[in-house]
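# Remarks on the overall topology
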Amino acid sequence: MPEPRTGGPAAGTGDRAPRPGGPAPRPGPAPRAVPATRRRLAWLLASTLILLLAVLLSLAVGSRQVAPGEVFSALLHGGTSDDAQVVRAFRVPRTVLGVLAGAALALAGTVMQGVTRNPIAEPGVLGVSQGASVGVVCAIAFAGAHSLTGYVWFAFAGAGLASAGVYAVASSGRGGASPVRLALAGAAMNALLASVTSGIVTTNARALDEFRYWQVGSLNGRGSEIIGQIWPFLLAGALLVLAMARGLDALALGDDAAKNLGHHVGLLRVLGALGATVLTGAAVAAVGPIAFTGLAVPHIARALVGTAHRWVLPLAALLGPAMILLSDVVGRVLFPPSEVPVAVMTALIGVPFLIVLVRRKGAVSA
């Protein structure tokens, strides 16, 4: 009686052992799955549609409601009606500034979180916002600047100097500018610059009155001339940040891994700080300090498309303006006819998000 064969294919598979010299068995059909690239492209398309909807709402909704048809007519065909004048003269500059500032703050937050490897980092962590505040206060108190056009350059210079100071402090000594050192140096610089700002405004009543208007962080009252002054800086910063996508992916693996992959860690951090400074400085100079956009948007983008920065950065550039514009629209209609500044609305959204993020296990690890 023949002995049972051992070592053959598992029972129930229906496969036979290949004969010597015979053809190899054909593999079974692979499971069909939606490619990750297609899913990411779908999120990019959805975010684009959300941004377009936010732009339409920003142009149509306010103390004076304008029908969508009137909005398109005012943009495409001109017109001299009251609705057309409101759309073109007031809401178009406001909306464009919201798009530019939202994209800048979201990109800056993504880069800061990537460079410092700190999930709760945002544009204020390197002292950029406080540096811009000091620049504005000094422009008002000592340079005689009394308009956004006058002190926008001082705000930008203050932001750049503050960021450079933070990196100089963090990079001194052994170990260089590690993520922990950058965060600590940014916190110390924020405290120092906040004290300087308070010291100036409390001894100069005129500077205090004008500074309060800028510090509130709002899209209201910002003229179209500001757009012409900040868009070159925002474009340069965005291009620099987008070019760093592969380097940010390498930094996420750790400094040693990034070095083994051929990246210069110190140079990546310098370029990241430079890009974040240019973006945040220009945005804050134009619309004032708007918090939490740079914190929340990068996490939302990573939850949707993963951690690859070549996808996270473009998605953040779409979600950031949508968040700013939708917050601004809600602020317009919440307590009519008054308006709640957009910085207040983004804080109302961002604070619960920050609390949930900090409570998550390991969220604050460097």
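In this report, the structure presented in the accompanying data block is examined. Everything quoted here is computed from the prediction, not taken from an experiment. (Residues numbered from 1 in each chain as written. Predicted model: local features only at pLDDT ≥ 70, side-chain atom pairs only at ≥ 80, totals over all residues. Heavy atoms only, no water.)

### Some words on the nonpolar core
Rules: In this description, a nonpolar core means a group of buried Ala, Val, Leu, Ile, Met, Phe, Trp, Tyr and Cys residues linked to one another through side-chain atoms lying within 4.5 Å. Exposure classes here rest on a 1.4 Å probe applied to the protein chains alone. A residue is buried below 20% of its type maximum, exposed above 50%, and partly exposed in between. Numbering goes from the N terminus for both helices and strands, where a helix is a DSSP run of H or I of at least four residues and a strand is a run of E of at least two. Whether two residues touch is decided by their heavy atoms; if any such pair falls within 4.5 Å, the residues are in contact.
Counting residues in each nonpolar core, the largest one holds 66 residues, and the members touching the most others are Leu 126 and Ile 230. Ranked by residues supplied to this core, first place goes to helix 11 (residues 265-287) with 11 residues. If we ignore the near neighbours within four places in the chain, the residues touching Ile 230 are Leu 97, Leu 100, Val 152, Ala 282 and Ala 286. Counting residues in each nonpolar core, the second largest holds 19 residues, with Leu 51, Leu 304, Ala 316 and Ala 322 among its members.

### Re the environment of Ala 291
In this fold, Ala 291 is placed in the loop between helix 11 and helix 12 (293-305). For Ala 291, a relative accessible area of 31% puts it in the partly exposed group. Note: C-alpha distance between Ala 291 and Gly 350 (59 residues apart in sequence) is 7.9 Å.

### Section: helix 3 (residues 82-116)
As a reminder, the rule being used: One less than the residue count of a helix, multiplied by 1.5 Å, gives the span that helix is expected to have. The angle between axes fitted to the seven-residue stretch ending at a residue and the seven-residue stretch beginning at it gives the bend at that residue.
With 35 residues, helix 3 ought to run about 51 Å at 1.5 Å a step, and its terminal C-alpha atoms sit 50 Å apart, in line with that. The largest bend in helix 3 comes to about 45°, at Arg 91, with the proline Pro 93 one to four residues further on. Counting buried positions along helix 3 yields 26 of 35 residues, so the element is predominantly enclosed. In the segment just after helix 3, Arg 117 is the residue with positive phi, at about 55°.

### Things to note about the packing of helix 9 (residues 245-252) against helix 13 (residues 309-334)
Worth spelling out the cut-off: Every axis in this analysis is a line fitted to C-alpha atoms, fitted for helices over the stretch in contact. Angles between the N-to-C directions lie between 0 and 180 degrees. Put simply, Ala, Val, Leu, Ile, Met, Phe, Trp, Tyr, Cys and Pro go in the nonpolar bin, Asp, Glu, Lys and Arg in the charged bin, and everything else, Gly too, in the polar bin.
Following both chains from N to C, one finds helix 9 and helix 13 inclined at 115°, their axes separated by 8 Å at the closest point. Taking contact as the criterion, the partners of Ala 245, Leu 248 and Asp 249 in helix 9 are, on helix 13, His 309, Arg 310 and Leu 313. Partitioned by chemical class, the residues of the contact of helix 9 with helix 13 number three nonpolar, one polar and two charged.

### Looking at the pattern of salt bridges
Here is the rule: Salt bridges are defined by distance alone: a side-chain nitrogen of Lys or Arg within 4 Å of a carboxyl oxygen of Asp or Glu.
Within this structure, the stated rule accounts for six salt bridges. Notably, a salt bridge pairs Asp 328 with Arg 94, separated by 2.9 Å at the nearest N-O pair. Of this pair, Asp 328 sits in helix 13 while Arg 94 sits in helix 3; the two residues are 234 residues apart in sequence, bridging distant segments of the chain. With respect to burial, Asp 328 and Arg 94 carry one shared label: buried. Look at the salt bridges and you will find they share partners, linking Arg 94, Asp 328, Arg 332 and Glu 339 into a network.

### Looking at the packing of aromatic side chains
Basically, it comes down to this: We call Phe, Tyr and Trp rings a pair once their centres come within 6.5 Å, taking the six-membered ring for Trp, and we label the pair stacked below 30 degrees between planes, edge-to-face above 60, and tilted otherwise.
According to the stated counting rule, one finds two aromatic pairs in the structure shown. Summarising the aromatic geometry, the rings of Trp 153 and Phe 233 are spaced 5.5 Å apart at their centres and angled 70° between planes, so their arrangement reads as edge-to-face. Taken together, the positions of Trp 153 in helix 5 (residues 148-171) and Phe 233 in helix 8 (residues 224-242) put the pair 80 residues apart, joining distant regions of the chain. Ring geometry for Phe 156 versus Phe 233: centroids 4.6 Å apart, planes at 40°, classification tilted. You can see Phe 156 sitting in helix 5 and its partner Phe 233 sitting in helix 8, a full 77 residues away along the chain. Look at Phe 233 and you get partly exposed, because its relative accessible area is 26%.

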